[in-house]
Amino acid sequence: MKTFKSLAAMLGAVALPLLLVPASNAACGGPVGRPAATHVSWSPELRSAQPQGAHLVMASDLLDLIDPIVGMWHVKFVVVGNNSTAPNGTEFDAGYSVWHGDGTEIMNSGGRPPQSGDFCMGVWEKVSDHAYKLNHFAAGWDPTGSTLLGPAQIQEQITLDRSGNSFGGTFTVDQYVETNGVLNPTPVAHFQGNITGTRITVNTPA
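Notes on the structure in this doc start here. Here the structure is a predicted model, which means the values were calculated and not measured.

## Quick notes on unusual backbone geometry
Right, so step 1: Despite not being glycine, His130 shows a phi value in the positive range, around 70°.
Right, so step 2: For His130, the position within the fold is in the loop between strand S4 (119-128) and strand S5 (131-141).
Right, so step 3: Classification of His130 by relative accessible area gives buried; the value is 16%.
Right, so step 4: Even without glycine at this site, Asn180 takes up a positive phi of about 50°.
Right, so step 5: You can see Asn180 is positioned in the loop between strand S8 (178-179) and strand S9 (182-183).
Right, so step 6: A relative accessible area of 79% means that Asn180 is categorised as exposed.

In structure tokens, the structure reads:
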């Protein structure tokens, strides 16, 4: 009886992987011979580009879908054509900006103290070959950081150079004020000028 139980256990151990093999292949839905994907995307856009029944995207395949604007940038804003409060050539702001592959962006402003709001976020889209537009918002506070003034809207139109390591373009900044929960649609301040960006890589020095 003991021998029979040992034999049954051995056969069960061998049979179990054989039973699981068809189910595993069916679940993966990937081509035979390719390694299993370690990163998966379930976006509808990516699924629609795959054969019916295949729902996994290899991490290596995603590299082909990354837009060249994606990455970290050192950015500089210089005023052009503004009034005397910000003469031409004045550096309005500078900082670090990250453009993400999902169409969002975040910036750490080096020209604003933290208490007045030095982080802001935006969304971008590609409008033509190497050209992009960004719609970006910041929460504007007074210099003490105790009173919220309202949203500041930063808009950019930029063109990425052929190397993919720098860009240039124009920007506008409009500061709005909210009073008693009501936003004044007329900006209390407006700035405009040129923006430049230089890509930051793992080898970029300080």
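## Observations regarding the pattern of salt bridges
Right, so step 1: In the structure shown here, the tally under the stated rule is four salt bridges.
Right, so step 2: A salt bridge links Asp67 to Lys126; the nearest nitrogen and oxygen atoms lie 3.6 Å apart. Of the two residues, Asp67 is situated in the loop between helix H3 (59-62) and strand S1 (71-79) and Lys126 in strand S4; the sequence distance between them amounts to 59 residues.
Right, so step 3: For Lys126, a relative accessible area of 39% puts it in the partly exposed group.
Right, so step 4: Between Arg162 and Asp129 there is a salt bridge whose closest N-O contact spans 3.7 Å. Residue Arg162 is located in the loop between strand S6 (148-160) and strand S7 (166-175), and its partner Asp129 is located in the loop between S4 and S5; the two are separated by 33 residues in the primary sequence.

## What to know about the packing of aromatic side chains
Right, so step 1: Per the counting criterion, the structure on display carries eight aromatic pairs.
Right, so step 2: Taking the centre distance of 6.4 Å and the plane angle of 75° together, the rings of Trp99 and Tyr132 count as edge-to-face. Residue Trp99 is located in strand S2 (residues 91-99), and its partner Tyr132 is located in strand S5; the two are separated by 33 residues in the primary sequence.
Right, so step 3: The class of Tyr132 is buried, set by a relative accessible area of 1%.
Right, so step 4: One aromatic cluster is present, built from ring pairs that chain together Trp73, Trp99, Trp124, Tyr132 and Phe167.

Cut-offs and rules
- Residues numbered from 1 in each chain as written.
- Predicted model: local features only at pLDDT ≥ 70, side-chain atom pairs only at ≥ 80, totals over all residues.
- Heavy atoms only, no water.
- Helix = DSSP H or I, 4+ residues; strand = E, 2+ residues; numbered from the N terminus.
- Buried < 20%, exposed > 50% of the residue type's maximum accessible area, 1.4 Å probe, protein only.
- Salt bridge = Lys/Arg side-chain N within 4 Å of Asp/Glu carboxyl O.
- Phe/Tyr/Trp six-rings, centres within 6.5 Å; stacked < 30°, edge-to-face > 60°.

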